[in-house]
Amino acid sequence: MDRTLKTLAPLLAGLVFGIGLIAAGMTDPAKVLAFLDLAGAWDPSLALVMGGAIAVALVPFGWAKRHRRTLTGEPVQWPTARGLDGRLLGGGALFGIGWGLAGLCPGPAVVALAAGLEGVWVFVLAMLAGLLAVDLFDARR
Amino acid sequence: MAALAGGVLIGAASALYLLLAGRIAGITGILAGPLLALARRRPLAAQRPQLLFLVGLLAAPLVWRLFAPLPEATLSAGTGVLVAAGLLVGVGTRLANGCTSGHGVCGLARLSPRSLVNVLVFMGAGFATVYVVRHALGA
């Protein structure tokens with residue numbers, strides 16, 4: 001039972017997450033760019049994606065924060081970083097620029113890849129190289 | 001309404017991953033974990049929840065197609081822009097330890113001040129970039 005749950009829970013979470021991204025319109029880069037285009041024909045609807053997601057997640061996340069364990073009693077892998085630093089700010093800025101250039105962020109890019117969106121593999125390969133580059137650079141210092 | 005419904009599903013999936021797998025559903029970390037294990041030739045067994053989540057994510061459009069045609073999607077950026085954008089997104093999200101999902105959904109849902117700052121920065125940078133590309137440069 002426990003073993004089945006450990007396989008099914010992440011699999012189902014990924015599937016529902018991906019279905020949510022498609023339903024929300026996040027896997028259409030043109031729609032994402034329309035959301036980011038405040039000075040153009042602004043399409044604010046994507047704000048509801050983050051709003052809806054946070055509204056649903058607020059109570060479960062609060063519960064996990066207090067109990068520090070999962071429903072099956074195992075520890076939660078909670079982020080440990082504290083305080084504001086250059087990596088958090090600079091990283092956010094670089095990410096935002098890349099997001100605004102292509103209209104893609106990591107989750108939707110992965111889903112769009114599986115959906116066969118033309119050309120998205122170029123973005124995904126570059127993104128994976130970027131992810132890896134940070135760790136390889138850190139390891140050399 | 002579709003955006004709200006999609007958001008509700010994303011929030012529910014993040015809660016499921018947290019409450020049953022004990023992890024933050026951040027796509028940056030979910031990609032970087034297995035990728036680093038591969039690069040460093042470490043066993044992938046420790047990355048099991050992340051890999052299963054990725055399988056689910058990749059299966060989403062295939063499952064969707066069983067019931068309905070996928071919605072229209074248009075990627076207009078050329079190859080050079082896609083390479084630059086991909087590198088920026090990869091480096092930026094890794095440096096900040098999260099993206100729209102890890103900081104934007106999970107981080108805000110757990111009321112993390114770091115996540116709030118990161119979200120404000122990347123949203124601001126996203127708005128500014130589209131403004132520069134579409135209106136200042138007039139491309």
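Small disclaimer: the values here were computed from a predicted structure and weren't measured.

Observations concerning the overall build of chain B
If you tally the helices and strands in chain B, you get six helices and zero strands. N-terminal to C-terminal, the α/β element order of chain B is α-α-α-α-α-α. Taken across its 139 residues, chain B has 57% of its residues classed as buried. Counting contacts in chain B only where the partners sit at least 6 residues apart, residues at least 24 apart contribute 43% of the total.

Quick look at the interface of chain A and chain B
Contact with chain A, which involves 100 residues of that partner, is made by 95 residues of chain B. Elements with a minimum of two residues in the side of chain A that touches chain B: α1 (2-24), α2 (29-36), α3 (47-67), α4 (86-102), α5 (106-115) and α6 (120-140) of chain A. Considering each element in turn, the side of chain A that touches chain B owes the most residues, 18 residues, to α1 of chain A. Among the residues making up the side of chain A that touches chain B, the classes are represented as 71 nonpolar, 22 polar and seven charged.

Some words on the packing of helix α5 (residues 100-109) of chain B against helix α6 (residues 113-136) of chain B
All names here are of chain B. The N-to-C vectors of α5 and α6 enclose an angle of 145°; their axes lie 8 Å apart at closest approach. In this structure, the crossing between α5 and α6 has a hand that is left-handed. For the pair α5 and α6, contact is made by His103, Gly104, Gly107 and Leu108 and by Ser115, Leu116, Asn118 and Val119, respectively. In the contact of α5 with α6, the residues fall into three nonpolar, five polar and no charged.

Some words on the confidence of the model for chain B
Residue and element names in this part refer to chain B. Summarising the model, chain B shows a mean pLDDT of 96, and 99% of its residues fall at 70 or more. Least confident of the elements in chain B is helix α2 (residues 27-39), whose mean pLDDT is 95; most confident is helix α4 (residues 79-96), at 98. For this predicted complex, the interface confidence reaches an ipTM of 0.96, while the overall pTM sits at 0.96.

Criteria and thresholds
Residues numbered from 1 in each chain as written. Chains lettered and ligands numbered in written order. Predicted model: local features only at pLDDT ≥ 70, side-chain atom pairs only at ≥ 80, totals over all residues. Helix = DSSP H or I, 4+ residues; strand = E, 2+ residues; numbered from the N terminus. Buried ≥ 20, exposed ≤ 12 C-beta atoms within 10 Å, placed from the backbone. Contact = placed C-beta atoms within 7 Å. Nonpolar A, V, L, I, M, F, W, Y, C, P; charged D, E, K, R; others polar. Axes fitted to C-alpha atoms, helices over the stretch in contact; angles between N-to-C directions. Left-handed = near helix turned anticlockwise from the far one by under 90°. pLDDT = per-residue confidence, 0-100.

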